[in-house]
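Below are the chains, spelled out letter by letter.
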Amino acid sequence: MKMLFYPGCSMQRTARPYLDSLMAIRETIGLELEEVADWNCCGATEYMSVHRVPALALVGRNLAIASRQAEGTDTLTAGCSACYLNLAKTDQQMREDPRLAAKVNDALHAGGLSYAAGSLKVRHLLDVVCNDVGYEAVQAKVVRPLHGLRLAPYYGCQVVRPDPDSRWDDREHPTAMDRLLRALGADVVDYPLKTQCCGGHMTVIGPDVAYGLIRRLVHGAATAGADAIVTLCPMCQLNLDAYQIEMNKHYGTSYAIPVLYFTQLMGLAFGKAPAELGIGKEFVPAAPALSRISDRPPAAEAAKKKRRPRAADGLPMPRMG
Amino acid sequence: MSAVPSPSAADRAPECSAFLREVMDATPGDSRLNMCIQCGTCGGSCPAGPEMDHTPRRLFAMIRSGLRDAVLRSNTPWYCVSCYFCTVRCPQQIHITDVMYTLKGMAIGAQLYRDNSPPDFSQTFVDYVEHYGRSFELGLATRFSLRHHPLSLASMAPMGLGMLRRGRMELVPHRIEGMAQLTRILDRAKALEATP
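Rules used throughout
- Residues numbered from 1 in each chain as written.
- Chains lettered and ligands numbered in written order.
- Predicted model: local features only at pLDDT ≥ 70, side-chain atom pairs only at ≥ 80, totals over all residues.
- Heavy atoms only, no water.
- Buried < 20%, exposed > 50% of the residue type's maximum accessible area, 1.4 Å probe, protein only.
- Helix = DSSP H or I, 4+ residues; strand = E, 2+ residues; numbered from the N terminus.
- Arc of directions from axis to C-beta.
- Contact = heavy atoms within 4.5 Å.
- Salt bridge = Lys/Arg side-chain N within 4 Å of Asp/Glu carboxyl O.
- Polar contact = N/O pair within 3.5 Å; in protein donor to acceptor, adjacent residues only side chain to side chain.
- Domains from an automatic or database assignment.
- Phe/Tyr/Trp six-rings, centres within 6.5 Å; stacked < 30°, edge-to-face > 60°.
- Lys NZ or Arg CZ within 6 Å of the ring centre and 35° of its normal.
- Pairing = 2+ DSSP bridges.
- Expected span 1.5 Å × (residues − 1).
- Buried area = accessible area lost by both parts, 1.4 Å probe.
- Nonpolar A, V, L, I, M, F, W, Y, C, P; charged D, E, K, R; others polar.
- Patch = residues over 30% accessible without salt bridge, like charges linked within 9 Å, V, L, I, M, F, W, Y side chains within 5 Å.
- Areas by Shrake-Rupley, 256 points an atom, 1.4 Å probe, with all protein chains shown as cover.
- Disulfide = S-S within 2.5 Å.

Enquirer: Sorry if this is basic, but what is going on with helix α4 (residues 56–64) of chain B here?
Expert: The periodicity of an α-helix, 3.6 residues per turn, causes residues three or four places apart in sequence to face the same way. Residue and element names in this part refer to chain B. Those residues of α4 that sit buried are Pro56, Leu59, Phe60, Met62 and Ile63. In an axial view of α4, the angular spread of the buried residues amounts to 155°, which keeps them on one side of the axis. Looking at the buried side of α4, the elements it contacts are α2 (18–25), α3 (41–45), α5 (68–73), α6 (76–79) and α8 (96–110).

Enquirer: Can you help me understand the interface of chain B and chain A in this one?
Expert: For an interface, size is often stated in terms of accessible area lost upon the parts coming together. Each side of the interface is counted separately: chain B has 65 residues, and chain A has 65 residues. Linking chain B with chain A are 6 salt bridges. Asp98 of chain B is the salt-bridge partner of Lys89 of chain A, the closest N and O atoms lying 2.5 Å from each other. There are 27 residue pairs in polar contact (both at pLDDT 80 or more) connecting chain B and chain A. Those elements giving two or more residues to the side of chain B that touches chain A turn out to be α6, α7 (85–89), α8, α9 (117–132), α10 (137–148), α11 (152–165) and α12 (179–194) of chain B. At 10 residues, α12 of chain B tops the list of elements feeding residues into the side of chain B that touches chain A.

Enquirer: I'm lost on the domain arrangement of chain B in this one. Help?
Expert: Here the domain parsing of chain B yields domain 1 (11–110) and domain 2 (117–194). Spacing between the C-alpha centres of domain 1 of chain B and domain 2 of chain B amounts to 28 Å.

Enquirer: I tried to follow the packing of aromatic side chains on my own but got confused; where do I start?
Expert: Counted according to the given criterion, the structure contains 6 aromatic pairs over all chains. Plain terms: the ring middles of Tyr18 of chain A and Phe262 of chain A are 6.2 Å apart, the flat faces sit at 70° to each other, and that makes the pair edge-to-face. Linking Tyr18 of chain A in helix α2 (residues 16–25) with Phe262 of chain A in helix α13 (residues 262–269), this pair joins segments that are 244 residues apart in sequence. Owing to a relative accessible area of 0%, Tyr18 of chain A belongs among the buried residues under this scheme. Pairing Phe121 of chain B with Phe144 of chain B gives two aromatic rings, centres 5.2 Å apart and planes at 80°, and the pair type is edge-to-face. Placement of the pair is Phe121 of chain B in helix α9 and Phe144 of chain B in helix α10, with a sequence separation of 23 residues. Pair check on accessibility: Phe121 of chain B and Phe144 of chain B agree, each one buried. An aromatic cluster is present here, built from Tyr18, Tyr261 and Phe262 of chain A joined pairwise through their rings. Directly above the aromatic system of Phe85 of chain B lies the positively charged group of Arg161 of chain A, at a separation of 3.5 Å from the ring centroid. Over the aromatic face of Tyr251 of chain A sits the side chain of Arg215 of chain A, whose NZ or CZ is 3.9 Å from the ring centroid.

Enquirer: Even after reading the chapter, I still don't get the pairing of strand β3 (residues 75–78) of chain A, so can you show me in this structure?
Expert: Moving residue by residue along a regular strand, the side chains alternate between the two faces of the sheet. All names here are of chain A. Side chains Thr75 and Thr77 of β3 all project onto a buried face; the interleaved residues Leu76 and Ala78 project onto the opposite face, where all are buried too. Where β3 and strand β4 (residues 121–124) come together, 4 bridges link them in parallel fashion. Across the sheet, Ala78 pairs through a bridge with His124, a residue of β4.

Enquirer: Before we go on, may I ask you to explain helix α4 (residues 53–69) of chain A in this structure?
Expert: The end-to-end C-alpha distance of α4 of chain A is 24 Å, a good match for the 24 Å that 17 residues give at a rise of 1.5 Å each. Among the 17 residues of α4 of chain A, 15 are classified as buried, and the element is accordingly described as predominantly covered.

Enquirer: For this particular structure, what's the right way to read the domain arrangement of chain A?
Expert: Residues and elements named next belong to chain A. Segmentation of chain A into domains returns domain 1 (2–125) and domain 2 (144–297). With centres defined by C-alpha atoms, the gap from domain 1 to domain 2 works out at 25 Å. Each partner contributes residues to the interface: domain 1 has 26 residues there, and domain 2 has 23 residues. Taken together, the two surfaces of domain 1 and domain 2 that pack against each other cover about 2300 Å², and 65% of this comes from carbon and sulfur. Applying the counting rule to domain 1 against domain 2 returns 1 salt bridge. The shortest N-O distance in the salt bridge between Arg95 and Asp165 comes to 3.0 Å. On the surface where domain 1 and domain 2 come into contact, there are 6 residue pairs in polar contact (both at pLDDT 80 or more). Elements represented by at least two residues in the side of domain 1 that touches domain 2 include exactly α2, α5 (81–96) and β4. For the side of domain 1 that touches domain 2, the class distribution of residues is 14 nonpolar, 8 polar and 4 charged.

Enquirer: Quick question: what am I supposed to make of a nonpolar patch on the surface here?
Expert: Residue and element names in this part refer to chain B. A cluster of nonpolar side chains, contributed by Leu161, Leu164, Leu171 and Val172, occupies part of the molecular surface with about 400 Å² of accessible area. Turning to its location among the elements, Leu164 is positioned in helix α11. By relative accessible area, Leu164 is classed as partly exposed at 31%.

Enquirer: For this particular structure, what's the right way to read the state of the cysteines?
Expert: Think of a disulfide as a covalent bridge from one cysteine sulfur atom to another cysteine sulfur atom. Residues and elements named next belong to chain A. Evaluation of the coordinates by the stated rule reveals 0 disulfides over all chains. Cys41 provides the cysteine sulfur closest to Cys9, a residue in no disulfide bond, and the two sulfurs are 4.1 Å apart. For Cys42, which is in no disulfide, the shortest distance to another cysteine sulfur is to Cys83 and amounts to 4.0 Å. Of the residues examined, Cys42 reaches a relative accessible area of 7% and is grouped as buried.

So, in structure tokens, the structure goes:
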């Protein structure tokens, strides 16, 4: 399966383990990724705050280069939430607002480029893995199931919202990554905060706000009994991992929940070595959690855990008999 | 969700303050900001709501009342984390996050903000992109912190060194090959932005 690939600045640096693990698993799942030539930054959530037409032209250059490169595919995929959303939203706004599209193309012409809105399908990497590769195909490649590993699937904001091309089952409680992790043999915990905010750029411009949001997410995962949080975004990983240390200092807490990319867990289940997947480069070490992976499925244990509801469970309700 | 119909331009003209129209015109597509029913779903959904000077609902009432100065001085747009919860929950399908981007741009244009650090963060990010075509975390973090939180540099140093040791940060920025082309594109786009 061939597609164009936009790595983005974060995957090159702060999220290098995300890129390395993707490169390690791409052949196993039959993904042929062609990098967009000489791509530039997508502008993250900052460029749009300063200039509007230039922000669209900035993304437009990437779309124009990708569409010129496109041969045998019209899919452009990105692993970073902000990169994905900027590419998808620029295409959508150009489709819906022809006057704006004309302005963006006028600017692109100054660089000898042009982009016909709608000519590329912009998709997040998780979407491609779940819906194009498919859960069954992923499961078929599992040689070392992640039995006994309890994972909190964390989607963050911008992949599932605003969802300009209606790719997901739900914008607040999506299930795609839950299913993917189960296909790897892992135990997926109930994580109602799965699409709450990691703090985004507030870790830099307003740390107190960010620490509160990070604590909520980490505490939620700990309460749910998760061994690790699984993410699909470089910014979320950085905020929940590196800033988990700062958050602990701020509140005097001692949470230690590692934060891994879904591609790293896929690699582990496919039998790849942790080092090849960039595991070990996280701030909160993942090794203790990963040592919980057992050879046998935890079926007997799970059956034992089930018990009849007791009167004290839930809200007080009148009971029959 | 079925689309709620938009009133025609003529229908909405009388109730529009000039400022409301200015905000709507500066937002891509139809932001539907004039359709706000003041229900407060936006503020109730906002992860940064408690820290904001005004909830989005209140800010939209202020826009409708033409309180340009107070709106552009509010910290609300700068505390928006672009999580899009308000946008997908709004019963009137207003493009709230996009409106926040518009208000940030207008506040920078009018030089109206109390705390200059969030706009300066955006501007510093933009400067690196316009010089190299890529973002540069080390430069962004140190330049921003030196200017706004010099005392925090010492406490942030362990994280920076940790990033370097793990190969997650570079010491020099990467410049794209097509930098001259990108500059021509951005210069033209800025000229176009200035024209209606």
